[in-house]
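# What the coordinates show
Take a look at the letters that make up each chain.
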Amino acid sequence: NKQNEREAIYDALSHVNFDAAAEIDSRLTPALEQAQFRLVRITDPKIALDVRAGKLDGLPAGVDAILDVTVEESGYYHSMRAGGYSPMLQLKATLHSPESDDVDLDDDFGYYADWRDGGKDKRWVTTPKSMTFASVDLLKAGSTDVRAGLEKVVDQLVTLMVLDVQHRTPVKPRVD
C-alpha cells in the first residue's frame, strides 16, 4: 500500500510540474539584484563542490560573500492532523565569507513551510488550508492551483532569505 501511495503522489506531483530548486533559483537571483547585490553565479560544478568543501581559490576576484542555498525537503506528505496531503518545503541558506579569517559573516538560516503555524519563527511560512487535499486524486486534479500556491510559498521564502542576507551583509551600491 505504501508503495502504491508513493507512486500515486509522484504521479500527482508530476502533473504539478514544480521543481523547487529551479523555482527558487529563478526568483532569488532577481530578488537579490533588486536589493542592490552584485551577483556572480558559480555554474561550474567542480568550483561549486570546491567552494562547499572550503577550497575557495576558484572563486572570481572581489567576491565578498558566498550564499549557498539547499532544498532539504520538498513535496507533499500525508498528515491526518492537516486533513490530507499537505505541502512542505524546507530550505537551508548558508552565508559565509570567502576570507578564512573572517568568521563574522558565517551564518546558517533555515526556512520552512507547511500547514502548521510556525508561531514566532520568522522563517516559517504557514501554507493556506486550500493547499491541503483530502486525496491524491484531488491533489492531481488541482495541479494548476497547487503549482500557483507553491510559487507563492517560494516567493515568501525568497523574500525572507533576501531580508536575512541584507541584515547580515553590507549592501554595496551597484556601479553600472
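Before reading further, recall that the structure is shown in the block above.
Report on the accompanying structure. (Residues numbered from 1 in each chain as written. Predicted model: local features only at pLDDT ≥ 70, side-chain atom pairs only at ≥ 80, totals over all residues. Heavy atoms only, no water.)

This paragraph deals with the pattern of salt bridges. Inspection of every chain in the model, using the stated rule, returns 12 salt bridges. In this structure, the salt-bridge partner of Asp11 is Lys140, at a minimum N-O distance of 2.7 Å. Pair noted here: Asp11 is in helix H1 (residues 2–16) and Lys140 is in helix H4 (residues 136–141), with a separation of 129 residues, a long-range link. By relative accessible area, Lys140 is classed as partly exposed at 32%. (Salt bridge = Lys/Arg side-chain N within 4 Å of Asp/Glu carboxyl O. Helix = DSSP H or I, 4+ residues; strand = E, 2+ residues; numbered from the N terminus. Buried < 20%, exposed > 50% of the residue type's maximum accessible area, 1.4 Å probe, protein only.)

Right, let's talk about helix H3 (residues 45–52) for a bit. Residues three or four positions apart in an α-helix share a direction because the helix packs 3.6 residues into each turn. A distance of 2.8 Å separates the backbone nitrogen of Lys46 from a side-chain oxygen at the start of H3, and that oxygen is part of Asp44. Just past H3, the residue Gly54 takes up positive phi, approximately 90°. (Polar contact = N/O pair within 3.5 Å; in protein donor to acceptor, adjacent residues only side chain to side chain.)

Now for the packing of helix H2 (residues 20–34) against helix H5 (residues 143–168). Running from amino to carboxyl end, H2 crosses H5 at an angle of 40°, the nearest separation of the two axes being 9 Å. Considering their axes alone, H2 and H5 lie oblique with respect to each other. Relative to H5, the crossing made by H2 is right-handed. Listed contacts from H5 to Glu23, Ile24, Arg27, Leu28, Ala31 and Leu32 of H2 are Arg147, Glu151, Val154, Asp155, Val158, Met161, Val162 and Val165. (Axes fitted to C-alpha atoms, helices over the stretch in contact; angles between N-to-C directions. Parallel < 35°, antiparallel > 145°, perpendicular 65-115°, else oblique. Left-handed = near helix turned anticlockwise from the far one by under 90°. Contact = heavy atoms within 4.5 Å.)

It is worth spelling out the sheet that holds strand S3 (residues 107–114) at this point. One open sheet accounts for four strands, arranged S1-S2-S3-S4; its pairing is mixed. Only two strands of the sheet have a single neighbouring strand rather than two, namely strand S1 (66–79) and strand S4 (124–126). Ignoring which end each strand starts from, the neighbouring axes of this sheet average 10° apart. Strand direction decides the pairing type here: S1 and strand S2 (residues 84–96), joined by 13 bridges, are antiparallel. From the neighbouring strand, Gly75 faces S2, where its bridge partner is Met88. In the packing of H1 onto the sheet, contacts are made with S1 and S2, and the angle to S1 comes to roughly 120°. (Pairing = 2+ DSSP bridges.)

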